[in-house]
Amino acid sequence: MAELLEQARDIFEGQIDFEGQKLVENLVNISLSIVGAIAFLVGYFLQDIKLAVYIGLAGTAATFLLTVPPWPIYNKNPVKWLPVAGAAPPTNIVIDEKMLR
């Protein structure tokens, strides 16, 4: 059971690196701008606000599916953290007048 929970946590938590975040931000800005322009133009030329709203909603949903899940393309440059060098645990910590070791 614990293995299933760990797998589910890995799936839902996801990892996105800094370059992936930049890519997602660009994709969101570009795709929502294009969808908004298309929805506006279609609604204007066909004089149909309902169709324009549906196009906008469909484009927003497609953008959501493209950018929100942590797809592997967004983690191509993972951060390599430096190892902890010479870190010793703190000694002689006093909490509520009690010595911890």
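Residues numbered from 1 in each chain as written. Predicted model: local features only at pLDDT ≥ 70, side-chain atom pairs only at ≥ 80, totals over all residues. Heavy atoms only, no water.

Caption draft 1: Structural view of the packing of aromatic side chains. A full pass over the atoms with the stated rule returns 2 aromatic pairs. Plain terms: the ring middles of F40 and Y44 are 6.1 Å apart, the flat faces sit at 15° to each other, and that makes the pair stacked. Of this pair, F40 and Y44 both sit in helix 2 (residues 18-46), 4 residues apart, roughly one helical turn. Aromatic side chains Y44 and F45 sit 5.4 Å apart centroid to centroid with 75° between the ring planes, which places their arrangement in the edge-to-face category. (Phe/Tyr/Trp six-rings, centres within 6.5 Å; stacked < 30°, edge-to-face > 60°. Helix = DSSP H or I, 4+ residues; strand = E, 2+ residues; numbered from the N terminus.)

Caption draft 2: Quick peek at the UniProt feature "transmembrane region" (unreviewed entry) in the chain. Mapped onto the present numbering, the UniProt feature "transmembrane region" (unreviewed entry) falls at residues 27-46 and 53-74. For the annotated span residues 53-74, helix accounts for 68% and strand for 0% of the residues, and the straight-line distance between the end C-alpha atoms is 30 Å. (UniProt positions renumbered as here; feature names shortened; annotations may be inferred.)

Caption draft 3: Highlighting the side chain of D17. Mapped onto the fold, D17 is located in the loop between helix 1 (2-13) and helix 2. It is K80 that comes nearest to the buried, bridge-free D17 among opposite-charge side chains, at 9.0 Å. In this structure D17 touches Y74, N75, K76, N77 and P78, once residues within four positions along its chain are discounted. (Buried < 20%, exposed > 50% of the residue type's maximum accessible area, 1.4 Å probe, protein only. Lys, Arg positive; Asp, Glu negative; His and termini not counted. Salt bridge = Lys/Arg side-chain N within 4 Å of Asp/Glu carboxyl O. Contact = heavy atoms within 4.5 Å.)

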